[in-house]
Every structure is written in structure tokens, then in C-alpha cells.
Amino acid sequence: MITKENSQFVEISNLIKEYPNPYGEDFRVVENFDLKIKEGEFISLIGHSGCGKSTVLTMLAGLNEISGGGIIVGNKEIDGPGPDRAVVFQAPCLMPWMTAFDNVMLGVKNVYPHVSKQERIQIVEYSLSAVGLGDEMKKYPREMSGGMQQRVGIARAIALQPRVLLLDEPFGRLDSLTRMELQDVIIDILAKEKLTAMIVTHDVDEAVFMADRCVMMSNGPKAGVGEILEIGFPRPRERKEVFDDPNFFAYREHLLAFLEQRSHIKGEPRVFANGEILGFMDKERVEVIRRNHEKVS
Ligand SMILES: Nc1ncnc2c1ncn2[C@@H]1O[C@H](COP(=O)(O)OP(=O)(O)O)[C@@H](O)[C@H]1O
Ligand SMILES: [Mg+2]
């Protein structure tokens, strides 16, 4: 039975993010981003580069301050990071002088200082085995491939026993074969641990294959949820079955059409004095900033 609690496990409401621009003005990157996520659901978040995907994910992680609106996870409004949410970024940033085991243990010690040593060892061993590194626990990062290092990053995240797993382009640096292996690792873990998850990706195939719903973000500034596509494939999903299913291509085309359509309404890229492109704005906004800037200088 779906109760209210588990039908809206994560509630992102009217989320706003403003970053200051070089002229001291607030530049609204995300506006009124609304999304309810069911417990155990897997969401993929796609959108053009710079639209604000990482901004939304890091706010959900509690690592990036919220400018407006709110996020509730499991009936509790979030206020900073917490052990209920773990993040995997593109690069795992392992401690080079520590083995895979010790890298994972580091986080476990921080988050569960009162758990017995024996139990902590069990958690670390279980997590590394879950990502297929049961026999490589004593290896140092320099002895591991990029894919293996990212497995350690995933083990480190699940060892914290989170309820929500957040993945920001976690396979972006990996070759396609390793990418597929790790997609399967994540899918297995989510099913086993009954985690709720969100993956930011710009790979349309990945977005469809992995998720229950693909959330398409509109372009910034003031980016929000543009469209949501339900992916009807049952679980467990077999890669070959999914990729051979005619619906797979329909879903894929839908996402590509959304992205293609949006690529024409980006607005003007605004290059600031330091040469950095801070985002895409509509022409009127660029004009207002230009006039303000002239007044100041
Ligand atoms: N710390 C920051 N300060 C100022 N602007 C930022 C900061 N982080 C991101 N931005 C801007 O916010 C927008 C969204 O960034 P981001 O969330 O990283 O996009 P995405 O992950 O979709 O590529 C971009 O225009 C980016 O330049
Ligand atoms: Mg990003």
C-alpha cells in the first residue's frame, strides 16, 4: 500500500537558487523547481550543461545553501548534510595513502563513531563486496583503474547506510564498458538496499535504462522541471531486453527531442569581464546588467 509518507519520500518544493554574479547581483539559476520522489524510486535528471542540475543535487545533499523553497526528506526538512543522504561525484577523491578498505572506513568512523569496531569492519567489507571489490580491499588507489576507484567511491557512499543516494555524472570519466558495469552495480545495490536515488546524467541511454522517471530540466536562468517522462520497464531490468524494446527508442527520442528543442532557446551566453560564462540569460536581462555595469564603471 502506498501511504502518503512513502509516496512523497522526498519533497522538493519551490526550490530557488541564486548565486551572486561579479556585479554583486543575485543571479537566479534555479526557480520553482518542484519534484516529489517516492521511496525506492530512481530519478534521472537531465538537461543542458549549466542549467542547474548539480545545483539541485547539491542542495538536496545539503552541501549547497538553499535560497528559497524547501526540501523534505522522510518527513524532515533538511538543513545541511546528513547521513541519510550520500553523494557520488564524477571523481571519487580517494585518499591516495589509504587502501580501499581504509578509504571506506574513514567515512564509516565519522558517521558511526559509536558502532563497535567489529561492526564497522563488517559494514566496510559488505559495502566493498557489494561493488565487486571483495578481493581488492587492500589495494591502494594507484593500483586501481578509474572504474575500480569509482567503485570505492560508491562503496564509501553506501557504507554510510543512507536512505537516498545522489549521483552526479558518476560515470562521466569512464569508458563505455566500465560505465555499463557500474550502471549494473548501482541498479543491483538500489534494489537490494531499497534506496531512493537521483542520478544527474547527460547520457540519454543511461537516463532511460536506469530510472523510473526521467526529469528534464528547462534551461537556465530560472531553470525548473520542464517535463517528466515515466519509464515503464519492469524491474529487475535486463540490459539486452530493455535496449531491444521498441519503447526504449521512443523514450530516448522523447528526451532527445526535449533537449534539441531547448537548445534553440538558450538566450545569450553572457561572458563577464573575467571571461567566464556564468550562464545563459534572456536578452533583456543581459541589457539590464550591461546598463548597471556602465553606471558603476
Ligand atoms: N558557486 C557558484 N557561483 C556562481 N555561479 C555558479 C556557482 N555554481 C554554479 N554556478 C552557475 O550556475 C549555473 C548552473 O550550474 P550547475 O548546477 O553546475 O549546472 P549543471 O550541473 O546543470 O551543468 C551555471 O550557469 C553555473 O555557472
Ligand atoms: Mg553538473
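One can find the structure itself at the top, above this paragraph.
Residues numbered from 1 in each chain as written. Chains lettered and ligands numbered in written order. Predicted model: local features only at pLDDT ≥ 70, side-chain atom pairs only at ≥ 80, totals over all residues.

Undergrad: With reference to specific residues and values, describe the packing of helix 5 (residues 146-159) against helix 6 (residues 176-193).
TA: The description of two packed helices rests on the angle between their axes and on the distance between the axes. Look at helix 5 against helix 6: their axes get within 11 Å of each other, and the N-to-C directions meet at 15°. For the element pair helix 5 / helix 6, the angle class is roughly parallel. The crossing of helix 5 and helix 6 is right-handed. Counting all contacts with helix 5, which are made through Gly147, Gln150, Arg151, Ile154 and Ile158, the residues of helix 6 involved are Thr178, Glu181, Leu182, Val185, Ile186, Ile189 and Glu193. Of the residues in the contact of helix 5 with helix 6, the class split is six nonpolar, three polar and three charged. (Axes fitted to C-alpha atoms, helices over the stretch in contact; angles between N-to-C directions. Helix = DSSP H or I, 4+ residues; strand = E, 2+ residues; numbered from the N terminus. Parallel < 35°, antiparallel > 145°, perpendicular 65-115°, else oblique. Left-handed = near helix turned anticlockwise from the far one by under 90°. Contact = placed C-beta atoms within 7 Å. Nonpolar A, V, L, I, M, F, W, Y, C, P; charged D, E, K, R; others polar.)

Undergrad: Please set out the environment of Glu238 residue by residue, giving values where relevant.
TA: Examined against the element boundaries, Glu238 turns out to sit in the loop between strand 10 (225-230) and helix 8 (239-244). Separated by 54 residues in the primary sequence, Glu238 and Asp184 have C-alpha atoms spaced 9.3 Å apart.

Undergrad: So what's going on with the packing of helix 4 (residues 117-130) against helix 5? Which residues, and what values?
TA: Interaxial distance between helix 4 and helix 5 falls to 8 Å at its minimum, and their mutual angle equals 135°. Judged by the inter-axis angle, helix 4 sits oblique to helix 5. Note that helix 4 runs across helix 5; the crossing there is right-handed. Contacts between helix 4 and helix 5 involve Ile123, Val124, Ser127, Leu128 and Ala130 on the former and, on the latter, Ala155, Ile158 and Ala159. The residue makeup of the contact of helix 4 with helix 5, split by class, is seven nonpolar, one polar and no charged.

Undergrad: Let's hear about helix 2 (residues 53-61): which residues, and what values?
TA: For helix 2, the buried fraction is high: seven of the nine residues fall into the buried class. Those residues of helix 2 that sit buried are Lys53, Thr55, Val56, Leu57, Met59, Leu60 and Ala61. Phi turns positive one or two residues past the end of helix 2, at Gly62, with a value near 85°. (Buried ≥ 20, exposed ≤ 12 C-beta atoms within 10 Å, placed from the backbone.)

Undergrad: Please provide a residue-by-residue account of the sheet that holds strand 5 (residues 76-77), values included.
TA: Ordered in space as 2-1-4-5, the four strands form an open sheet in which the pairing is antiparallel. Sheet topology places strand 2 (26-37) and strand 5 at the edges, where each strand pairs with a single neighbour. Across eight bridges, the pairing between strand 1 (residues 10-20) and strand 2 is antiparallel. Across the sheet, the residue bridging to Val10 is Ile37, located in strand 2. The sheet strands contacting helix 2 are strand 1, strand 2 and strand 4 (68-73), and the helix crosses strand 1 at an angle near 115°. (Pairing = 2+ DSSP bridges.)

Undergrad: Residues and numbers for helix 4, please.
TA: Helix length check: helix 4, at 14 residues, gives a terminal C-alpha distance of 20 Å against a target of 20 Å (1.5 Å per residue), a fit within 8%. Along helix 4, the residues that are buried comprise Ile123, Val124, Ser127 and Leu128. Burial along helix 4 is one-sided: seen end-on, the buried residues are contained in an arc of 120°. What points out from helix 4, more than 90 degrees from its buried face, is the exposed set Gln118, Glu119 and Gln122. Considering only its buried residues, helix 4 is in contact with helix 3 (100-111) and helix 5. Positive phi appears at Gly132, one or two residues downstream of helix 4, with a value of about 85°. (Expected span 1.5 Å × (residues − 1). Arc of directions from axis to C-beta.)

Undergrad: Go over the sheet that holds strand 9 (residues 213-217), please, and point to the residues and values.
TA: Taking strand neighbours across the sheet as the criterion, the six strands line up as 6-7-8-3-9-10 in an open arrangement whose pairing is mixed. In the strand order of this sheet, the two ends are held by strand 6 (85-88) and strand 10, each with one partner. The average angle at which neighbouring strand axes cross in this sheet is 20°, direction not considered.

Undergrad: I'd like to hear about the nonpolar core, residue by residue, with values.
TA: Core analysis: the largest hydrophobic core is formed by 69 residues, its most contacted members being Leu60, Val104, Ala155, Leu165, Leu166 and Ala197. Each residue touching Ala197, except ones within four places of it in the same chain, is listed here: Phe42, Val164, Leu165, Leu167 and Leu190. (Core = buried A, V, L, I, M, F, W, Y, C linked by C-beta atoms within 7 Å.)

Undergrad: Describe unusual backbone geometry, naming the residues involved and giving the relevant values.
TA: Geometrically, the link from Gly220 to Pro221 is a cis peptide bond, its omega value of 0° lying close to zero. Mapping Pro221 onto the fold places it in the loop between strand 9 and strand 10. Here the bond from Arg235 into Pro236 is cis, since omega is -5°, no more than 30 degrees from zero. Within the secondary structure, Pro236 is located in the loop between strand 10 and helix 8. A positive phi is found at Asn32, a non-glycine position, where the angle reads about 45°. Among the structural elements, Asn32 can be located in strand 2.

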